[in-house]
Amino acid sequence: MMRRKIYLGCFLFLLTFSVGFSQVKISGVVKDEQNQTVPFANIVFVGSTTGTVSDENGKFYLESDNTYTKIEVSFLGFESRIIVIKSRDFNLRITLKEGASKLEEVFIYSGKVKKKGNPAIEILRKIWAKKRKNGIYLFDQYEYEKYEKLEFDLNNIDSAMKKSKLFKGMEFVFDGIDTSRITGKAFLPIFINESVYKSYGKNKNGKSFREDLVANKNSGFGSNQNVIAFIKDLYVDYNIYDSYIKIFDKSFVSPLSKASGISTYNYVLTDSAYIDNKWCYNILYYPRRKNELTFKGDFWVNDSTFAVKEINMKASRSANINWVKDIYIEQEFEVLNDSVFLLQRDYMLSDFSFKKKEQAKGVYGRRTTMYKNYTFNKIKETKFYGQQINVYADEIYNKSDEYWNVNRQEKLNKNEKGIYKLLDTLTKVPKFKQIYNLISILGSGYVEFNKFDFGPIFSTFGTNDVEGTRIRVGGRTFFGGNEPWRLQAYTAYGIKDHKFKYGVSGKWMLNPKSRFTIGTGNRRDVEQIGVSLTTTNDVLGRSFASSSFFASGDNSKLTSINLSNFYMSIEPRKNLLFRLGASYRTLKSASPETFSLDYWVDETAGIIKSEIIQSEIDFSIKYTPNRKTIGYGVERTEVTDVYSTLFLNYSRGIKGVFNSDFDYQKVQFFYRQPILIGGFGRMFATFEVGKTFGEVPLGLLSVVPGNQSYFTIEGAYSLLDYYEFVTDTYASLHMEHSFNGRIFSRIPLLRKLNLRELVGVKTVWGELSDKNNALNATSDINYTAPTKGYYEYSVGIGNIFKVFRIDFSWRGNYRDTPGSNNFAIKGAFGFHF
């Protein structure tokens, strides 16, 4: 997820260093007689329903394909003005005079609208009453065709950018410049992705939904799966009738929210008119407070069905969201008959930028979704909705131009068509190749060569108390990202211990439809074990704790591991993975002078063994509902990391196989659940439970993960040292909640900083059998289990400089343990909207 987001930063970093065919284009600012800006003023072309609302600074932009010569500007408490305009009239300065403060029975005070007696709110209540009786919710079953177009554009193109050394030798790209009808800014299209879907759903006897990808086509950076994944992650489906609209993992209050709409927005009934032969009311809305996740705009609603006919929503510029300057949404609904309004067109524009200043350069992300051929109550059996097509079939991605000409619900303009030719030309320009390679390296961590990637470069250097400075080189095969097999390998050398380490693995997907895959590998390396309760046999996995660039305290309790494995996995249905594997490992201390894994073989005879040899078979089930991925090769890229995870693992150690030392059985369960709590932010809850049956030494027990780094690590306990608690039976619960700035936004001195509040609690209970305790022959580690239940709690401040968080953690109990840390301050970096 983090690497995908780096791509956006790369685009914006590079940016730091023709006019369309609309008949009328205007822009300007609305002020009062005291020269103060008037936010949320209504600007409409006279004789039409085409209009906009000024932003928090009173600025606006408006265009139309039709010819208009006048606009009407109005705001509650001011006299309306009719302004004569030219076809190209920019930088208008409009002054409104104070007037009557009464509109019918709606009284105005300081720009806010009283709720009592407001006809707009009465209409809103009727919308709530009928929202479940409109559109597709009226029918037992439904289906439709959907066309989706995703686009990325460089914006605020000016003469300085065209003359920049960055684009020297690539000046021809500016031939495709266009102008946004929403913002009036010049932009250059660089990416387009088109998809056609066939969608099915039912409302009766439990809701079900199925969506089949019929065709897909992309260009620009389309060959890089990380970029596509990032773009798809940006735009998720939403429903304007819901109380909250989720955008960029933030919950914006919907203007139609029954739960908190009236307490969040001002509503004003401004107009009424016929739209598609239906009499509709126009309601203007804007937020009551700044720095909250809100919109401003207007919507048209039918006077009998009280279904929304058209709506536009522009996010407040002051909203607590990073890297996004503007968000604009509009939806149009078609009238099927007197009682049915169906979504026809959905458009969303986002302006990504490092800064929210008007002239700051950035990247537009645009999504256009169109719907047609609605069919209702065409009976399909329940099992139909659980069936899946092969989304990796070649015919989906190789449709002819004739197919796209017929199935596009909106024709591409000249510049959009040009994007498909642009990349072919750019790939022949050396400077573009350099820029592309830089973005690719930062985004994926790998340096691309012909069919081979070198990296990851972020793991090249490390340090710990055993190896000293560690130098690592590695790579992987890469044939475009959708290959059915992959090989990976690395080698590392420690300056202090003078030892080479290595790892190699390979996997091969034999059946793309069921994703039946086999894999094998071997790793000989030094690492910190016991950094997670739930464990796997990932050959090339190596924990963050194995490096001590930013660690505190002793970092010498490292283990020398030799691990080999073989596995088979299959995905019989989407996001449900079954895996069967076998492994062989040896474990011994990487620093016998400071750390021991010794255990008694025969205490009576005084026989101690320092090395563990273990053969094991394992079976696991992993279910990740709502997880979205892109690509169809043996390795896929996740579109989002916000989904539930359920993982069940059974392992059996077999004594005697390849001189294996122990017989045991281990059962582990892991459950992680994101919980979106409307306008109060998001919570992540993680629950783990496990038990080991049989007698095993320290290297095979479940160690409660400590954290001796200066950074906050998910899953680890901030105030525990490594091996402070050791268990064979455990249960843990981690809960962390981010309020997304809801509290700080109400504190005047903190409001503009856009800080975010974090609270968390972590607790673990465990025990250790007497037999396992008796195996301990180490002198430096006392086996202690948290039988009373250990817990710690924390408060944090996030979004510091947009990329940093700081956490303050306190130990709740076991405070008298010798050498214990009862308070800690840790931080973390992250790229979050």
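Predicted model, so just to flag it, every value in this text is computed and none were measured.

So, how was this worked out
- Numbering of residues starts from 1 in every chain and runs along the sequence as written.
- Selection of residues for local features in this predicted model requires a pLDDT of at least 70, selection of side-chain atom pairs for listing and counting requires 80 or more, and totals for whole chains, interfaces and linings are taken over all residues.
- Water and hydrogen atoms were dropped before computing side-chain values, which therefore reflect all heavy atoms in the structure.
- Like charges are joined within 9 Å and nonpolar side chains (Val, Leu, Ile, Met, Phe, Trp, Tyr) within 5 Å, but only among residues with over 30% relative accessible area and no salt bridge; these make up the patches.
- Areas reported as accessible are Shrake-Rupley estimates using a 1.4 Å probe. Residue values count occlusion only from the protein chains shown.
- By definition, a salt bridge exists where a carboxyl oxygen of Asp or Glu is found within 4 Å of a side-chain nitrogen of Lys or Arg.
- Segments assigned H or I by DSSP are reported as helices when at least four residues long, segments assigned E as strands when at least two residues long, and all are numbered from the N terminus.
- Residue count minus one, scaled by 1.5 Å, sets the expected span of a helix.
- Buried residues are those whose accessible area, probed at 1.4 Å on protein chains only, stays under 20% of the maximum for their type, while exposed residues exceed 50% and partly exposed ones sit between those limits.
- What the arc covers is the set of directions going from the helix axis to the C-beta atoms.
- We treat two strands as partners when DSSP finds at least two bridges between them.
- Orientation is described by lines fitted to C-alpha atoms, with helices fitted over the stretch in contact, and by angles between N-to-C directions that extend from 0 to 180 degrees.
- Think of it this way: a Phe, Tyr or Trp ring, Trp meaning its six-membered ring, pairs with another when their centres are within 6.5 Å, and the plane angle makes it stacked under 30 degrees, edge-to-face over 60, tilted otherwise.
- Charge over a ring is defined by NZ of Lys or CZ of Arg lying within 6 Å of the ring centre and within 35 degrees of the ring normal.
- Every residue is assigned a pLDDT by the predictor, reflecting its confidence on a scale from 0 to 100.
- Should any heavy atoms of two residues lie within 4.5 Å, those residues are considered in contact.

Asks: Honestly, a nonpolar patch on the surface in this entry has me stumped. Any pointers?
Replies: A cluster of nonpolar residues, F479, W485, L487, W508 and L510, forms a patch on the protein surface that exposes about 500 Å² of accessible area. Breaking the nonpolar patch down by element, the ones donating at least two residues are β28 (485-494) and β29 (499-511).

Asks: For this particular structure, what's the right way to read helix α9 (residues 430-444)?
Replies: An α-helical turn contains 3.6 residues, so any two residues separated by three or four positions project in the same direction. Helix length check: α9 (15 residues) gives 21 Å between terminal C-alpha atoms against 21 Å at 1.5 Å per residue, within 8%. Within α9 the residues assigned to the buried category are F432, I435, Y436, I439, S440, G443 and S444. Along the axis of α9, the buried positions cluster into a sector of 140 degrees, meaning they face one direction only. Those residues of α9 that are exposed and aimed more than 90 degrees away from the buried face are P430 and Q434.

Asks: Would you take a moment to explain the sheet that holds strand β5 (residues 70-74) for this structure?
Replies: By way of backbone hydrogen bonds, the strands of a sheet pair with one another, either parallel or antiparallel. Taken in spatial order, the four strands make up an open sheet running β3-β2-β5-β6, and their pairing is antiparallel. Unpaired on one side and paired on the other, β3 (51-53) and β6 (81-84) mark the two borders of the sheet. Strand-to-strand twist in this sheet, taken as the mean axis angle between neighbours without regard to direction, amounts to 20 degrees. Bridge count for strand β2 (residues 42-45) against β5 is four bridges, and the pairing is antiparallel. For I43, the partnering residue across the bridge sits in β5 and is V73.

Asks: Explanation requested: the packing of aromatic side chains in the structure shown.
Replies: In this description, a pair of aromatic rings is defined by centroid distance and the angle of the planes. Evaluation of the coordinates by the stated rule reveals 35 aromatic pairs. Consider the rings of F40 and Y286, whose centres lie 5.0 Å apart with planes at 15 degrees: the pair is stacked. Of this pair, F40 sits in the loop between β1 (24-32) and β2 while Y286 sits in strand β18 (residues 278-287); the two residues are 246 residues apart in sequence, bridging distant segments of the chain. One exposure class covers both F40 and Y286, and it is buried. On the basis of an interplanar angle of 75 degrees and a centroid distance of 6.1 Å, the ring pair of Y584 and F658 is categorised as edge-to-face. With Y584 in strand β32 (residues 576-589) and F658 in the loop between β38 (645-653) and β39 (664-676), this residue pair connects regions lying 74 residues apart in the sequence. Residue placement shows K146 over the ring face of Y197; its charged tip is 4.8 Å from the ring centre.

Asks: What exactly am I supposed to notice about the confidence of the model for the protein chain here?
Replies: Where the model shows low pLDDT, its predicted coordinates should not be examined in detail. Counting all residues, the mean pLDDT for the protein chain is 84, and 91% of those residues have values of 70 or more. Every residue in residues 1-21 scores below 50 in pLDDT, and together they form 66 contacts with partners more than four places removed in sequence or on other chains. For residues 100-110, every residue scores under 50 in pLDDT, and the model assigns this stretch 23 contacts once sequence neighbours within four places are set aside.

Asks: What should I look at first to understand unusual backbone geometry in this one?
Replies: A negative phi holds for most residues other than glycine; trans holds for most peptide bonds. With an omega of 0 degrees, the peptide bond between G455 and P456 qualifies as cis. For P456, the position within the fold is in the loop between β25 (452-454) and β26 (461-464). You will see that N659, though not glycine, has its phi angle at about 65 degrees, which is positive. Among the structural elements, N659 can be located in the loop between β38 and β39. The class of N659 is exposed, set by a relative accessible area of 61%. One non-glycine residue with positive phi stands out, namely N799, at about 65 degrees. Tracing the backbone shows N799 in strand β45 (residues 790-800). Looking at N799, the relative accessible area reads 9%, which means it is buried.

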